[in-house]
Amino acid sequence: MSANEVVTEGVEALTLTNGKDGSGDDMVATGVEVVVQDDDIVNPWSVTSSTDAGVDYDKLIKRFGSSKIDEELIARFEKITGKPAHHFIKRGIFFSHRDLHSILTLKEQGKPFYMYTGRGPSSESLHLGHLIPFIMSKWLQETFDVPLVIQLTDDEKTLWKDLTVEAAIKLSRENAKDIIAMGFDLDKTFIFNNLNFMGSCPALYQNVIRVQKCVTFNQVKGIFGFGDSDIIGKIGFPAVQAAPALSSTFPFIFGKNKVHCLIPCAIDQDPYFRMTRDVAPRLGYPKCALLHSSFFPALQGAKSKMSGSEQNSAIFLIDTPKQIKNKINKYAFSGGRTTIEEHRTYGGNPDIDVAFQLLKFFLEDDVQLEQVRVSYSKGELLTGELKKLAIETITPIVERHQAARKLVTEELVDKYMEIRPLKFAK
Ligand code: TRP
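The following refers to the structure shown.

Focus: the overall build of the chain
Turning to step 1, where the next piece is worked out: The helix and strand inventory of the chain stands at 21 helices and 13 strands.
Turning to step 2, where the next piece is worked out: Its C-alpha atoms give the chain a radius of gyration of 21 Å, within 12% of the compact-globule value 22 Å for 426 residues.
Turning to step 3, where the next piece is worked out: The burial tally for the chain puts 55% of its 426 residues in the buried class.
Turning to step 4, where the next piece is worked out: Looking at the chain alone, contacts between residues at least 24 apart form 78% of all its contacts between residues at least 6 apart.
Turning to step 5, where the next piece is worked out: Of the accessible surface of the chain, which amounts to about 18200 Å², a share of 53% is contributed by carbon and sulfur atoms.

Here you go:
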């Protein structure tokens, strides 16, 4: 081991026993605490990188023991779904997976599965980065024609943040409005917040207990880095995020059927699902499949991710066009050169340029994106011009979202959150 060897108690510890190939099995590590640590930190509570290009995702795949989404998988995906892959997949924004092949086989055979994703409601308004798993989930739901359950972990945020139970429940409901505004199909989508749903659905609590019975304190310490002075709520919480990956948590949707589950999420959530995949077969369930996204960069650059608690790092869905323009112009980290002359001569670096990264996420036209990349790299396109294009691309997306959210009534929220069967080919 090298000089950058550090002692971690957390997620990284798991990778020593788990860092095999992608076929990998999801052992829950115990007691292993010293690992070689790359400079990147990725766990559910912290994402940072030492370089402007951000986290080294190939290394992360190795560390986590997941699999790369490669050309062959994308080709199979397109063949089975009969449509081109979403630009998030083609551009490597969703770059890693576990068992996606099994899900494609189910689709091929016309067998059922469902999708599960979630959000921890820590702020009133979502920001652009929060949209990524939901945009992907919506597209996948439409592509596969399957039900989707969305967990709002207000319990998690109460435990981790300075939030009361009441405040967290309110945030859940506000966040549900943003999610609904994205246009999920009401017939096929169930949204629930743990602090309410746990009381009205005994099946959730029963599965939480089943999962908790399978995991020791040593194991969650190894996976999440909990310590002796952490509150006990944190130690038990991972089972609450695991339970929705077991279909019997939703008897009103799936009855007693043990249905496969696909989870699109940012890769920092993987530790929860490594634990889930370890436990599921012991409870007689298939392991959940996963699709992992990379992180949406902070305006200040890809060393950290966009964060709701850093006002100037994020473009919020409630920002005005003027705020969006000012934030991008003032804060978006530039891969351009210091003077126009130098920029014209040597060109800019789109890989570290946040305005370009915004386009990579949100400019759907592949041809135009490539033109921008080439002309910025050559120095033909200047930073100011690139930022202008980013502003022109993002602003209408945020405006459209705001208009859609205005139409989301309290009654509509109740409908999405109502315990009911979903349309589902059994
Ligand atoms: N823990 C997640 C967060 O803080 C929320 C979450 C719950 C989630 N279940 C999930 C995210 C499933 C992705 C998939 O945002």
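Read on for the rest.
A look at the pattern of salt bridges
Turning to step 1, where the next piece is worked out: Tallying each qualifying case throughout the model produces 23 salt bridges.
Turning to step 2, where the next piece is worked out: With a shortest N-O distance of 3.5 Å, lysine 303 and aspartate 52 are connected by a salt bridge. Placement of the pair is lysine 303 in strand β13 (residues 301–305) and aspartate 52 in the loop between β4 (46–48) and α2 (57–64), with a sequence separation of 251 residues.
Turning to step 3, where the next piece is worked out: Judged by its relative accessible area of 40%, lysine 303 falls in the partly exposed class.
Turning to step 4, where the next piece is worked out: The exposure class assigned to aspartate 52 is partly exposed, which follows from its relative accessible area of 29%.
Turning to step 5, where the next piece is worked out: A salt bridge links arginine 91 to aspartate 366; its shortest N-O distance comes to 2.7 Å. In this pair, arginine 91 sits in the loop between α4 (87–90) and β6 (94–98) while aspartate 366 sits in helix α19 (residues 366–378), placing the two residues 275 residues apart along the sequence.
Turning to step 6, where the next piece is worked out: Residue classification places arginine 91 among the buried residues on the basis of a relative accessible area of 13%.
Turning to step 7, where the next piece is worked out: Each of Arg173, Glu174, Lys177, Asp178, Arg405, Glu410 and Asp414 takes part in one network of salt bridges that share partners.

Regarding the nonpolar core
Turning to step 1, where the next piece is worked out: Grouped together as the largest cluster of nonpolar side chains are 71 residues, with contacts concentrated most on Ile89, Leu128, Ile191 and Ile394.
Turning to step 2, where the next piece is worked out: Mapping this core onto the domain boundaries places at least three of its residues in each of domain 1 (46–298) and domain 2 (310–405).
Turning to step 3, where the next piece is worked out: Not counting residues within four places of it along the chain, the set of residues in contact with isoleucine 89 comprises Ile69, Ile74, Phe77, Phe94, Met136 and Trp139.
Turning to step 4, where the next piece is worked out: Core analysis: the second largest hydrophobic core is formed by 43 residues, Tyr116, Phe237, Ala245 and Cys288 among them.

Examining helix α3 (residues 71–81)
Turning to step 1, where the next piece is worked out: Inspection of α3 places Leu73, Ile74, Phe77, Ile80 and Thr81 among the buried residues, and these make up the whole buried set. Buried residues along α3 cover an arc of 135 degrees about the axis, so they all sit on one side. Structural note: α3 exposes Glu71, Glu72 and Lys79 on the side pointing more than 90 degrees away from its buried face.
Turning to step 2, where the next piece is worked out: Looking one or two residues past α3, glycine 82 carries a phi angle of roughly 70 degrees, positive in sign.

Points about the site of the ligand
Turning to step 1, where the next piece is worked out: The ligand sits among 14 residues. The nearest are Tyr116, Gln151, Glu156, Gln241 and Gln269.
Turning to step 2, where the next piece is worked out: The separation between an oxygen atom of the ligand and a polar main-chain atom of glycine 120 is 3.0 Å.
Turning to step 3, where the next piece is worked out: Between the ligand and the protein, one listed contact pairs a nitrogen atom with a side-chain N or O atom of glutamine 269 at 2.9 Å.
Turning to step 4, where the next piece is worked out: Coverage of the ligand by the protein chains reaches 90% of its 370 Å² of free accessible surface.
Turning to step 5, where the next piece is worked out: Residue assignment for the shell around the ligand shows that the elements contributing at least two residues are β7 (113–119), α7 (154–160) and β10 (260–266).

Remarks on the side chain of threonine 189
Turning to step 1, where the next piece is worked out: Here threonine 189 lies in strand β9 (residues 189–193).
Turning to step 2, where the next piece is worked out: A relative accessible area of 0% places threonine 189 in the buried class.
Turning to step 3, where the next piece is worked out: A polar atom in the side chain of threonine 189 sits 2.8 Å from the backbone oxygen of aspartate 185.
Turning to step 4, where the next piece is worked out: With residues near it in sequence (within four places) discarded, threonine 189 still touches Gln141, Leu148, Ile150, Phe184, Tyr416, Arg420 and Leu422.

A short note on helix α5 (residues 100–108)
Turning to step 1, where the next piece is worked out: Residues of α5 that are buried: Leu100, Ile103, Leu104 and Leu106. For α5, the angular spread of buried residues about the axis comes to 155 degrees, placing them on one side.
Turning to step 2, where the next piece is worked out: At its buried positions, α5 is contacted by α3, β6, β7, α6 (128–144), β10 and β11 (289–293).
Turning to step 3, where the next piece is worked out: Phi turns positive, to about 70 degrees, at glycine 110, one or two residues after α5.

Topic: the packing of helix α8 (residues 165–181) against helix α20 (residues 383–406)
Turning to step 1, where the next piece is worked out: Two elements in contact, α8 and α20, have axes separated by 8 Å at closest approach and are oriented at 115 degrees. With respect to α20, the axis of α8 lies roughly perpendicular. When you trace α8 past α20, the crossing you get is right-handed. Listed contacts from α20 to Glu174, Lys177, Asp178 and Ala181 of α8 are His401, Ala404 and Arg405.

Some remarks on the environment of proline 271
Turning to step 1, where the next piece is worked out: Here proline 271 lies in helix α15 (residues 270–279).
Turning to step 2, where the next piece is worked out: For proline 271, a relative accessible area of 0% puts it in the buried group.

Definitions and cut-offs
- Throughout, a residue's number is its position along its own chain's written sequence, starting from 1.
- Per-residue local features are limited, in this predicted model, to residues with pLDDT of at least 70; the limit for side-chain atom pairs, both in listing and counting, is 80 or more; totals at the level of whole chains, interfaces and linings are taken over all residues.
- The side-chain numbers reported here are obtained from all heavy atoms of the structure, hydrogens and water having been left aside.
- Numbering of helices and strands runs from the N terminus; a helix is a DSSP stretch of H or I covering at least four residues, while a strand is a stretch of E covering at least two.
- Here the radius of gyration uses the C-alpha set of atoms, whereas the globule reference equals 2.2 Å times the residue count to the power 0.38.
- Summary of the burial criterion: residues with accessible area below 20% of their type's maximum are buried, those above 50% are exposed, and those between are partly exposed, where the area comes from a 1.4 Å probe applied to protein chains only.
- Contacts: residue pairs with any heavy atoms within 4.5 Å of one another.
- With residues, only the protein chains shown are counted as cover, and all accessible areas are computed by Shrake-Rupley using a 1.4 Å probe.
- Put simply, a salt bridge is a Lys or Arg side-chain nitrogen that is within 4 Å of an Asp or Glu carboxyl oxygen.
- Only buried Ala, Val, Leu, Ile, Met, Phe, Trp, Tyr and Cys residues count toward a nonpolar core, and they belong to the same one when joined by side-chain atoms within 4.5 Å.
- A domain assignment, automatic or from a database, supplies the domain bounds used here.
- When we speak of the arc, we mean the arc of directions from the helix axis to the C-beta atoms.
- Residues are labelled near a given molecule or strand when at least one of their non-hydrogen atoms is within 4 Å of it.
- In the analysis that follows, any N or O atom pair within 3.5 Å is treated as a polar contact, provided that within protein one partner can donate a hydrogen and the other can accept it, and provided that, for residues neighboring in sequence, both atoms belong to side chains.
- Here an angle of 0 to 180 degrees is reported between the N-to-C directions of two axes, which are lines fitted to C-alpha atoms, with helices fitted over the stretch in contact.
- Working rule for angles: under 35 degrees goes down as roughly parallel, over 145 as roughly antiparallel, 65 to 115 as roughly perpendicular, anything else as oblique.
- Crossing handedness follows the turn of the near helix against the far one: under a right angle anticlockwise gives a left-handed crossing, and clockwise gives a right-handed one.

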